[in-house]
Every structure is written in C-alpha cells, then in structure tokens.
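Per-entry structural report
One letter stands for each residue in the lines below.
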Amino acid sequence: TKSPVASGAELVAYSGFSATNYLQQPINSDLQFGTGDWAFYGWYYDGTGAGGQRTIFEVGRDSSAGDHIGVRHDGTNLELFISDDGFSSQDVAEFSLATRDGWHFACGIRRGKNIEIWYDGILKATTLIANATGDLGDSETYLRFGNRTYTSQPWDGSLALWRVSKTAPNSEQIK
C-alpha cells in the first residue's frame, strides 16, 4: 500500500507487508558489498508496537544459505545482523527499544571492522565484526523491504525514503 505519510503530504510511505507483499530489488552487482563499508538508512513507522520478529529489510537469498544483511525488530530490540555463512554464525548490533510508536530514522552501517545501528541520529550500538569477516553480498543476493528473504517476518508498519550506499556516512551526515 502506498499512502501519504501525513494528511496532505506529497511524500508517500509503503505498508501492508506480508509473506506475498513486499518491495524487492532483483539480484544485481550493486548488492555485492565485499568487505567494504556500506549503509542502509531510512524512516520507519511502528505504530502498533507489536511483538515478535518483524523485518524492515534484508539482503539475502531465498534460503538461509549465503550472505545476509538486515534490520529487524525482534520483539524487544532493534537489531542489525550480518552473516557470511548462512547463519552458522552472525554478528549483531542491537539495543532495547522501549518506545516504538511513530516515525523514526534508522541506520544500519558497516564502518571498517564494526557494524553500527543508529536511531533518530544517535549511535545506539556498535559491534566488532568477529564472525562475518568475509565478503557480504554475492551473485544470488537481492534486497527486500518489508520482509525477510527466505522466511516470513513481515514488517507491520510503514517505510519511507530508504537508501543504500557503499560508503559509511559520518555522524553529521546521519543527523
């Protein structure tokens, strides 16, 4: 569903995600990040504050095999996760998210040997990459917004203005 973010606004958000409704970018070489920096950032609305695992986006495959990058709410925490071995191991940067209603700006970033998750312009968690040290993104990965790539964890809110970069923005750029 595409609708204005507020009454009278020209800016639209997407919602109504399910196992069969999501936004997807096909497989392409732009999603092959290697071991370099990258960033995913945009706005999400979590009006229901529902529990359970709900995915904002994931780069991955139709199975758990291979490489995965994603941001989701696990029922308690907002988390950025990465894996380069089909989830045999993973690295996660996460923080507890008590207030979840309304629009919020989230950033999932790889900067050097760390992953970071930002929330409304504030760095909330940094994790040293200890497990997913290999290349991320391969010739079979695609980007999906509103659900996971190989299992259903649909986002039950709205998403707007999401961007992907092969660079890591600094704190001023994030603000």
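Reference entry: report on the structure contained in this document. This is a predicted model, so every value here is computed, not measured. (Residues numbered from 1 in each chain as written. Predicted model: local features only at pLDDT ≥ 70, side-chain atom pairs only at ≥ 80, totals over all residues. Heavy atoms only, no water.)

1. Focus on the nonpolar core
By size, the foremost hydrophobic cluster in this structure holds 30 residues, and its most contacted members are F40, Y44, I56, F57, I69 and L78. Elements with a contribution of two residues or more to this core: β4 (38-45), β5 (54-60), β6 (68-73), β7 (77-83), β8 (91-96), β10 (114-119), β12 (142-145) and β13 (158-165). Other than its neighbours up to four places away in sequence, Y44 contacts I56, L78, L97, G102, W103, H104, A106, Y119, W155, S158, L159 and W162. Y41, C107, I109 and W118 belong to the second largest nonpolar core, which has eight residues in total. (Core = buried A, V, L, I, M, F, W, Y, C linked by side-chain atoms within 4.5 Å. Buried < 20%, exposed > 50% of the residue type's maximum accessible area, 1.4 Å probe, protein only. Helix = DSSP H or I, 4+ residues; strand = E, 2+ residues; numbered from the N terminus. Contact = heavy atoms within 4.5 Å.)

2. Quick notes on the sheet that holds β5
Reading across from one edge, β3-β12-β5-β6-β7-β8 is the order of the six strands in this open sheet, with antiparallel pairing throughout. Among the strands making up the open sheet, the edge pair consists of β3 (23-25) and β8. Strand-to-strand, the axes of this sheet are offset by a mean angle of 10°, without reference to chain direction. Relative to β6, β5 runs antiparallel, the two being bridged by five bridges. Looking across to β6, one finds that R54 is bridged to H73. (Pairing = 2+ DSSP bridges. Axes fitted to C-alpha atoms, helices over the stretch in contact; angles between N-to-C directions.)

3. A closer look at the side chain of D67
Residue placement: D67 occurs in the loop between β5 and β6. Despite being buried, D67 has no salt bridge partner; R61 is the closest side chain of opposite charge, sitting 6.0 Å away. In this structure the side chain of D67 is engaged in a polar contact, spanning 3.1 Å, whose partner is the backbone nitrogen of G137. The residues touching D67, leaving out its near neighbours within four places in the chain, are V59, G60, R61, S83, D84, D135, L136, G137, D138 and T141. (Lys, Arg positive; Asp, Glu negative; His and termini not counted. Salt bridge = Lys/Arg side-chain N within 4 Å of Asp/Glu carboxyl O. Polar contact = N/O pair within 3.5 Å; in protein donor to acceptor, adjacent residues only side chain to side chain.)

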